[in-house]
Amino acid sequence: MPELDITGGPVFRRLAAALPAACVLALAAVPPAALSSSPSPSPFRAPSGSQLGAPPVSPGTESLLPASRIAAGAGREIDPAAVDRFVNAYREATGLPGVAVAVTRGAKVVHVAGYGRTASGEPVTGRTPMAVASLSKSFTALAVMQLVEEGRVGLDAPVREALPEFTMADPRAARITVRQLLDQTSGMATSAFRERSLPQPRSLREAVARLRGARLAADPGTRWSYHNTNFQVAARLVEVVAGVPFADRLRTHVFGPLGMRDSRTIDTERDLPPTARGHLHLLGVPIALAEPHGFGNGSGGVISSAGDMARWMIMQAGEGTGPGGVRVVSAAGVAEMRTPSRIKRSYALGWALGTTGSGAPVVEHDGDLSTATARQTLLLRSGHGIVVMANTGTAYDDSGAIADALVAMAEGREPEPPPSPSPFLLVDAVFALAAALTLALAGRGLVRSRRWSARRAGRPGWRTAARLLPYAAPGVLCLTITDVFRVLSRGGDATWAHVAYLYFSFVIWLLLAAVACALLLLARLRHLVLAGAGQASR
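Calculation notes
- Residues numbered from 1 in each chain as written.
- Predicted model: local features only at pLDDT ≥ 70, side-chain atom pairs only at ≥ 80, totals over all residues.
- Heavy atoms only, no water.
- Patch = residues over 30% accessible without salt bridge, like charges linked within 9 Å, V, L, I, M, F, W, Y side chains within 5 Å.
- Areas by Shrake-Rupley, 256 points an atom, 1.4 Å probe, with all protein chains shown as cover.
- Salt bridge = Lys/Arg side-chain N within 4 Å of Asp/Glu carboxyl O.
- Helix = DSSP H or I, 4+ residues; strand = E, 2+ residues; numbered from the N terminus.
- Pairing = 2+ DSSP bridges.
- Axes fitted to C-alpha atoms, helices over the stretch in contact; angles between N-to-C directions.
- Left-handed = near helix turned anticlockwise from the far one by under 90°.
- Contact = heavy atoms within 4.5 Å.
- Nonpolar A, V, L, I, M, F, W, Y, C, P; charged D, E, K, R; others polar.
- Expected span 1.5 Å × (residues − 1).
- Buried < 20%, exposed > 50% of the residue type's maximum accessible area, 1.4 Å probe, protein only.
- Polar contact = N/O pair within 3.5 Å; in protein donor to acceptor, adjacent residues only side chain to side chain.
- Core = buried A, V, L, I, M, F, W, Y, C linked by side-chain atoms within 4.5 Å.
- Phe/Tyr/Trp six-rings, centres within 6.5 Å; stacked < 30°, edge-to-face > 60°.
- Lys NZ or Arg CZ within 6 Å of the ring centre and 35° of its normal.

**Student:** Where do I start with a nonpolar patch on the surface in this structure?
**Tutor:** A cluster of nonpolar residues, Leu439, Ile508 and Leu512, forms a patch on the protein surface that exposes about 210 Å² of accessible area. With respect to the helices, strands and loops of the structure, Leu512 is situated in helix α17 (residues 504–537).

**Student:** Mind showing me how you'd approach the sheet that holds strand β1 (residues 98–105) here?
**Tutor:** Backbone-to-backbone hydrogen bonds pair the strands of a sheet. The strands run either parallel or antiparallel. With antiparallel pairing, six strands are arranged side by side in an open sheet as β2-β1-β11-β10-β9-β8. Each end of this open sheet is capped by a strand with a single partner; those strands are β2 (108–116) and β8 (352–355). Geometrically, the sheet is characterised by an average inter-axis angle of 15 degrees between neighbouring strands, direction not taken into account. Looking at chain direction, β8 and strand β9 (residues 361–368) are connected through four bridges and run antiparallel. From the neighbouring strand, Leu353 faces β9, where its bridge partner is Val363.

**Student:** Where do I start with the pattern of salt bridges in this structure?
**Tutor:** The full count for this structure, using the stated rule, is 19 salt bridges. A salt bridge links Arg236 to Glu165; the shortest N-O distance between them is 2.8 Å. Note that Arg236 is positioned in helix α7 (residues 228–242) and Glu165 in the loop between α4 (159–162) and α5 (178–182), a separation of 71 residues in sequence. We note a salt bridge from Asp219 to Arg172, for which the minimum N-O separation is 2.8 Å.

**Student:** Can you walk me through the packing of helix α3 (residues 136–149) against α7 in this structure?
**Tutor:** Two quantities define a packed helix pair, namely the angle between the axes and the distance from one axis to the other. Two numbers describe how α3 lies on α7: the axes approach to 10 Å, and their chain directions differ by 40 degrees. At the point where α3 passes α7, the crossing takes the left-handed sense. Packed against α3, whose contacting residues are Lys137, Thr140, Ala143, Val144 and Leu147, the element α7 presents Asn228, Phe231, Ala234, Ala235, Val238 and Val241 at the interface. Of the residues that constitute the contact of α3 with α7, the class distribution is eight nonpolar, two polar and one charged.

**Student:** Explanation requested: α7 in the structure shown.
**Tutor:** The α-helix winds at 3.6 residues per turn, so residues separated by three or four positions along the chain end up facing the same way. With 15 residues, α7 should reach 21 Å at 1.5 Å per residue; the first-to-last C-alpha distance of 21 Å fits that figure. Of the residues trailing α7, Gly243 is marked for its positive phi of about 80 degrees.

**Student:** For this particular structure, what's the right way to read helix α9 (residues 306–317)?
**Tutor:** An ideal rise of 1.5 Å per residue puts 16 Å on 12 residues; α9 measures up with 16 Å between its terminal C-alpha atoms. With 10 of its 12 residues buried, α9 lies for the most part within the structure. What α9 keeps buried is the set Ala306, Asp308, Met309, Ala310, Trp312, Met313, Ile314, Met315, Gln316 and Ala317. Count one or two residues on from α9 and you reach Glu319, which has phi positive near 55 degrees.

**Student:** I would appreciate a short explanation of the side chain of Ser299 in the present structure.
**Tutor:** Mapping Ser299 onto the fold places it in the loop between β6 (285–289) and β7 (302–304). For Ser299, a relative accessible area of 0% corresponds to the buried category. In this structure the side chain of Ser299 is engaged in a polar contact, spanning 3.2 Å, whose partner is the side chain of Gln232.

**Student:** I tried to follow the nonpolar core on my own but got confused; where do I start?
**Tutor:** Generally speaking, soluble globular proteins have nonpolar side chains that are buried together. Core analysis: the biggest nonpolar cluster contains 74 residues, and Val159, Phe166, Val233, Met309, Trp312 and Met389 have the highest contact counts within it. With eight residues, α3 is the largest single contributor of residues to this core. The residues contacting Trp312, other than those within four sequence positions of it, are Ser138, Phe139, Leu142, Val254, Leu258, Met260, Trp351 and Gln376. Listed in part, the 25 residues of the second largest apolar core include Val101, Ala390, Ala405 and Met409.

**Student:** I'm lost on unusual backbone geometry in this one. Help?
**Tutor:** Glycine aside, residues mostly have negative phi angles, and peptide bonds mostly take the trans form. Its identity is not glycine, yet Glu319 carries a phi of approximately 55 degrees, on the positive side. Mapped onto the secondary structure, Glu319 falls in the loop between α9 and α10 (331–337). Backbone geometry at Asp397 places phi at a positive 50 degrees, although glycine is not the residue there. A relative accessible area of 17% means that Asp397 is categorised as buried.

**Student:** Teacher, can you tell me more about the packing of aromatic side chains here?
**Tutor:** Two aromatic rings are characterised by how far apart their centres lie and by the angle between their planes. One pass over the structure, following the stated rule, counts 10 aromatic pairs. Centroid distance Trp224 to Tyr226: 6.3 Å. Interplanar angle 55 degrees. Geometry classified as tilted. Residue classification places Tyr226 among the buried residues on the basis of a relative accessible area of 11%. An aromatic cluster is defined as three or more aromatic residues linked by ring pairs; in this entry it consists of Phe139, Phe255 and Trp312. Sitting over the ring of Phe231, Lys137 keeps its end group 5.8 Å from the ring centre. Between the NZ or CZ atom of Lys344 and the centre of the ring of Trp224, over which it lies, the distance is 4.5 Å.

Below, the structure is given as structure tokens:
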């Protein structure tokens, strides 16, 4: 399970085009004969001695007006029928198997609906539990902020004061503050700690314990790096300070008060309910697949429904006040969570800050698993909350595309039409053709391998080896594909399974090419040995 959200979001989507192209170029050195075979976010620091400041609001990230004060001219309310038409058209154009949507405005639920089916074959409804992946970071930030407001945690105090078990091999870790975990400036990064490809923990306690031998990539507070472990440490801090498991703390202090009855948080992909499992596409056909192994509680483990996420967005629009007037955090706490980092002005505490296509400010967050995606967006001026959860993987970003269309509707703009045909269908078709050609050439090469070896019997060994060496290229690329990914992503981390899920049709072709080249190589070597033995006997 990629963090669950082990993918790290938008970076993986940008690489989705880069890796196949780079790998194809790497294979371009293989001659035609050898190809008889050929992976998605105004600085403020609390005054000394205080635990929670009331920061001034930076331009473009103003605090949301409560529902009672939403300006009439700040966008228009989204038409539910228009949402249905767009989502159905999008599903028809792309083959998206299932998606759930929530639209709110202020304290009002505008539209909650499910479309299509889950991986287990059930209809998607507004009550269907689905994975929200890294949207979970906003929940973790809220859980921490509640403890800050209770006076039990200092936002700018060292993490180790509240969580003594948090130790690293790097002495600088003692200076990491709670805020730096939540705004991703702790100094922890994939380049120094490969959180995804290491053996995965089974609990938040183990997630913190495995850091004992890790080092930082930078001094705390000097560099921003999206790193899931930050939020796993924050979640462990919550459960240690609160004295209850993190899942119980969310249930009693967030999900329960807000009436989010379908919501919970889980540890690993093994805990995903059947309705939260997802798909990859191959030639336009959705294929239900298990999520790759990974740990995600605190960073990507929340499971929720569209109806529940509507309640969550109403609370966000109400500056901490949810449906029925229940308050789970103060307005000052909400403002704090939306205050940009001094190092990365587009990221706050578990939220990303940005603007819409028309330049209006938003707070949002993407969530990415290998087989599911989600996005939450809050339009600060109009009060619209939009959540989309799709049961297809990171590479497709279906939740992002639908969310962008709904934002456009909220602003009175025409949404971009769904792609038709899907660009992924065209990519799959190219690699399907490459696979067919690879198999045909491999078969031809195998049939002619005896003749090929006979022609080269008696020639210098180095020349024959030079002709055979390219056959190893696809196999070598299979074995080193995570290293290629790491180079292309400038230090990114993923397991072989995550790379395969991100570039599904490409990896299928690559595996076929590797097997075909290996068989052809073995066949030609065998005939070379037999031909040499025959000459020696004469």
